[in-house]
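Remarks on the overall topology
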Amino acid sequence: MEEARQYSSVMMRRAVGQKAGRRASRRDGGVKPRPIVAVLASLLALAGCRDEGLTLPSGLEAELQGTVIEPQSASGETWLILLVLAPDLAAQQVSAEARAADTDALCAEWGVPAALEADPTPDQITVQIMSEPVERGQPAPGVTQVFAGYRFENGTCIWEDF
């Protein structure tokens, strides 16, 4: 089943309960990405977005803090991580559906353009919203965070449960 969502004239699909397969080039032992080159490429792709804020569908104000390209050694996939700061995240009480609309919008507005410019093209986009900056991979018990994963296919974000 798929449902379409429209955010700021960007169409995307959300696959409900459906896992997409990995790309054959990664399974077949494709070329391993060079992390520093991938990070630099994604930063250049987002240079125009860095100074912009975004009002999400829930009304939450968000600011792009950066991106990280993460090669996944176990699966051979490449993930693009969007690091998003939203200082009012902890104070805002919204439904799971409203928060999903926020992560959908972030993937469409910032994730898709970054993924289209990244080399290698990521298999997945992960949206990480934080109430205050957190170093990737480090515990932060006092910080409210939201994570959402999207398969990146055909220029769209397809939600995945992870």
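Being a predicted model, the structure only gives us computed values, none of them experimental.

Conventions we followed
- In this numbering scheme, every chain counts its residues from 1 along its sequence in written order.
- Owing to the predicted nature of the model, reporting of local features is limited to residues with pLDDT of at least 70; listing and counting of side-chain atom pairs is limited to 80 or more, with chain, interface and lining totals taken over all residues.
- Side-chain measures were taken over the full set of non-hydrogen atoms in the model, leaving aside hydrogen atoms and water.
- Here a strand is any run of E in DSSP of at least two residues, a helix any run of H or I of at least four, and the numbering for each starts at the N terminus.
- For every residue, the accessible area (1.4 Å probe, protein chains only) is compared with the maximum for its type, and the residue is labelled buried under 20%, exposed over 50%, or partly exposed between those bounds.
- Strands are labelled as partners when DSSP assigns at least two bridges between them.
- Axis lines are fitted to C-alpha atoms, over the contacting stretch for helices. Their N-to-C directions set the angle, which ranges from 0 to 180 degrees.
- Should any heavy atoms of two residues lie within 4.5 Å, those residues are counted as being in contact.
- A residue's pLDDT is the confidence the predictor assigns to it, expressed on a 0 to 100 scale.
- We define a salt bridge as a side-chain nitrogen of Lys or Arg found within 4 Å of a carboxyl oxygen belonging to Asp or Glu.

1. Digging into unusual backbone geometry
A cis amide bond links Asp119 with the next residue in sequence, Pro120, at an omega value of 5°. Considering the arrangement of structural elements, one finds Pro120 in the loop between helix H3 (96–117) and strand S6 (124–130). The phi angle at Asn154 is positive, at roughly 50°, despite the residue not being glycine. With respect to the helices, strands and loops of the structure, Asn154 is situated in the loop between strand S7 (145–153) and strand S8 (156–160). Overall, Asn154 belongs to the exposed group, its relative accessible area being 71%.

2. Quick look at the sheet that holds S7
Pairing in this open sheet of six strands is mixed, and the strands run S3-S4-S5-S6-S7-S8 from one edge to the other. Here the strands that pair on one side only, and so sit at the sheet edges, are strand S3 (53–55) and S8. The sheet shows a mean angle of 35° between the axes of neighbouring strands, taken without regard to direction. Sheet analysis places strand S5 (residues 78–85) next to S6, joined by seven bridges and oriented parallel. When the sheet's bridge partners are listed, Leu82 is paired in S6 with Val127. Most of the contacts of H3 go to S7, to which it runs at about 50°, and overall it touches S3, strand S4 (61–71), S5, S6, S7 and S8.

3. A short note on the confidence of the model for the protein chain
Atom-level detail of predicted coordinates should not be read off regions where pLDDT is low. Residues at a pLDDT of 70 or more form 69% of the protein chain, whose mean pLDDT is 78. Within the protein chain, strand S2 (residues 10–15) has the poorest average pLDDT of any element, 29, and S6 the best, 98. Of the regions scoring below 50 in pLDDT, residues 1–50 engages in 94 contacts with residues more than four places distant in sequence or in other chains.

4. A word on the pattern of salt bridges
Counting across every chain of the model gives four salt bridges. In this structure, Glu77 and Arg151 form a salt bridge, with 3.0 Å as the shortest nitrogen-oxygen distance. Residue Glu77 is located in the loop between S4 and S5, and its partner Arg151 is located in strand S7; the two are separated by 74 residues in the primary sequence. A single burial state applies to Glu77 and to Arg151, both of which are buried.

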